[in-house]
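One-letter residues, chain by chain:
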Amino acid sequence: MTLDEILKEIKKAQNIVILTHESPDGDAVGSSLAMKLMLEALGKQADVLIPEYSRMFNFLPSAEKIKVESEIEKYDLAISVDCANLKRLAKNEYFEKAKRTIVIDHHGSNNMYGDLNYVNPASPACCEILAGMIDYFGIKNSKEIGTCIMTGIITDTGGFRHLGITPDTFEYTAELIRLGVDLPDIYKRTLRTKTKANFELTKRIIDRMELLEDGKVSFTYMNSQDELEVGAEPGDHEGLVDIGKDIEGVKVAIFIRQKNKEEAYKVSLRSEDNINVSDICFVFGGGGHARAAGALIQGNVQQVKEKLMKEIRKWME
């Protein structure tokens, strides 16, 4: 049983590091901090390394303990949460150097890159997987752990709007509310509150929005200059891809964001119906979920758009 093996490795390790993917969302940050608090409940200390994340998650318990770097060069154990492959794992050098590695994830595209892998693609959020591990590990749940877990569930399900939600999702949610977790507050902080920079970026990407393929595909973009001009911080682009997806008749929404000042763009795709955007992103070395995925593609705006549309048309045919 993998969970027994995972618990054995945790108990054996003297020093532990927790890592997650680049440009972390609520599930990534929530999973990282929930795992840290769960380990503390088991009598273990762990470092959480996240180079950049949105300040909207500063309300999470232990967020002030997140580190950018570590003075430990080689950990006994590295735990990756909510990340499908080693390439997307921020600070992956710590994972590669660790004596033992564990991967906990819910992406169907996960390539099982750890020594131990606990991956459940049926789960709508990595945090929901951790919720199921709490009882198994004999950990007493708390409002602090629950707040981190609820943040991951809320953000990855879009406030319980996306496909993949199960009865377990609501059972865990009910349990967390009984613990005192403030569901409306988390919803407001993560899904309803927009920074001024996000608002300014929203205006720009709406102005650039194109409807392609008889309105079945929406496309828009932002570049490094946009971020500079509005004073954007990490995470200020979150949610922009959903604007195109919410347009009537759109089956695939494309949002691309320039990586620094390079001629390369980070791609976010969202879809409805039977179009698997994870498979589309896999062509470019990315991945994710069937209805939400990402990749990094070299080129300018027009080149990236053409590359994506070539693959999307194959699915539409």
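Up top you'll find the structure we're talking about.
These figures come from a predicted structure and were not determined experimentally. (Residues numbered from 1 in each chain as written. Predicted model: local features only at pLDDT ≥ 70, side-chain atom pairs only at ≥ 80, totals over all residues. Heavy atoms only, no water.)

## Observations concerning the sheet that holds strand β6 (residues 210-212)
Next, step 1: Pairing is mixed across the open sheet formed by 6 strands, whose spatial order is β6-β7-β8-β9-β11-β10. Whereas interior strands pair on both sides, the edge strands pair on one side only; in this sheet they are β6 and β10 (287-288).
Next, step 2: Where strand β9 (residues 264-271) lies against strand β11 (residues 292-298), 7 bridges are found, and the strand directions are antiparallel. The partner of K266 across the bridge, within β11, is L296.
Next, step 3: Along the sheet, helix α12 (residues 301-316) makes contact with β6, β7 (217-222), β8 (252-258), β9 and β11, crossing β8 at roughly 155°. (Pairing = 2+ DSSP bridges. Helix = DSSP H or I, 4+ residues; strand = E, 2+ residues; numbered from the N terminus. Contact = heavy atoms within 4.5 Å. Axes fitted to C-alpha atoms, helices over the stretch in contact; angles between N-to-C directions.)

## Some details on the pattern of salt bridges
Next, step 1: For the coordinates displayed, the defined rule picks out 20 salt bridges.
Next, step 2: The residue E40 makes a salt bridge to K36 at a minimum N-O spacing of 3.4 Å. Taken together, the residues span about one helical turn, with E40 and K36 both in helix α2 (residues 26-41) at a distance of 4 residues.
Next, step 3: Given the relative accessible area of 25%, E40 is considered partly exposed.
Next, step 4: Linking D226 and R204 is a salt bridge whose minimum nitrogen-to-oxygen distance equals 2.9 Å. Here R204 lies in helix α8 (residues 196-207) and D226 lies in helix α9 (residues 224-230), a separation of 22 residues in the sequence.
Next, step 5: Judged by its relative accessible area of 3%, D226 is buried.
Next, step 6: Overlapping salt bridges, with partners in common, bring together E9, K12, R100 and D115 in one network. (Salt bridge = Lys/Arg side-chain N within 4 Å of Asp/Glu carboxyl O. Buried < 20%, exposed > 50% of the residue type's maximum accessible area, 1.4 Å probe, protein only.)

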